[in-house]
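The primary structure of each chain is shown beneath.
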Amino acid sequence: MNEHISMRVNSARLSGIKGRTVRLPCKVLRLSDDTAIVEASDGGQVEIQRKNVDVTATYVEVIGSVVDASTIKAMATLPLDSEGELDMQLVNDVIELTFESRFDKLFPRYKETEPSMPAR
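The shown structure was predicted, so the numbers you read here are calculated from the model rather than taken from an experiment.

Visitor: For helix H1 (residues 88–98), give the residues involved together with the corresponding values.
Guide: Note on helix geometry: an α-helix contains 3.6 residues per turn, so any two residues three or four positions apart are oriented the same way. Along H1, the residues that are buried comprise Met88, Val91, Asn92, Ile95, Glu96 and Thr98. Taken around the axis of H1, the buried residues stretch over an arc of 155°, which confines them to a single face. On its buried side, H1 packs onto strand S1 (7–8), strand S2 (21–31), strand S3 (35–40) and strand S5 (59–68). The opening residue of H1 is Asp87, an N-cap whose side-chain oxygen sits 3.2 Å from the backbone nitrogen of Gln89.

What follows is the structure in structure tokens.
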């Protein structure tokens, strides 16, 4: 079952899951030909390698493979734009909740490479 998981993550959760498929809700900051710089829900910046992947909205969810702790190779993007701003703090709170052990049955994750997060 692990091979079909695409966890929703923030920038802090990228370390330790190299090669895994993830979903990164984010705000697009800058676009260039084959890359984008985005701000993840926790405020961290991530480089998106987006060759042949369109980014057509301000807020997107990037689905891709983790290259390293600050880079994702995009497979697709989903627009998240709505009227006005997206509450990225709320998005981040939901992401962090999915990593709490009490929700293990609802949100499966990559258990063998789970990074530890500092307490808030």
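Visitor: Please provide a residue-by-residue account of the side chain of Glu61, values included.
Guide: Examined against the element boundaries, Glu61 turns out to sit in strand S5. A polar side-chain atom of Glu61 sits 3.1 Å from a polar atom in the side chain of Arg23. Once you skip the residues sitting within four places of it in the chain, Glu61 turns out to touch Arg8, Arg23, Leu24, Pro25, Ala76, Thr77, Leu78 and Leu80.

Visitor: An account of the pairing of S2 is requested, with residue identities and associated values reported.
Guide: Relative to S2, S1 runs parallel, the two being bridged by two bridges. If you follow Met7 over to S2, its bridge partner there is Val22. Bridge analysis of S2 against S5 gives seven bridges, and the strand direction is antiparallel. Of the residues in S5, the one forming a bridge with Thr21 is Ser65. Bridge count between S2 and S3: five bridges; the pairing is antiparallel. By the bridge assignment, Val28 is partnered in S3 with Val38. Connecting the antiparallel pair S2 and S3 is a turn made up of three residues.

Reading guide: rules and limits
- Residues numbered from 1 in each chain as written.
- Predicted model: local features only at pLDDT ≥ 70, side-chain atom pairs only at ≥ 80, totals over all residues.
- Heavy atoms only, no water.
- Buried < 20%, exposed > 50% of the residue type's maximum accessible area, 1.4 Å probe, protein only.
- Helix = DSSP H or I, 4+ residues; strand = E, 2+ residues; numbered from the N terminus.
- Arc of directions from axis to C-beta.
- Contact = heavy atoms within 4.5 Å.
- Polar contact = N/O pair within 3.5 Å; in protein donor to acceptor, adjacent residues only side chain to side chain.
- Pairing = 2+ DSSP bridges.

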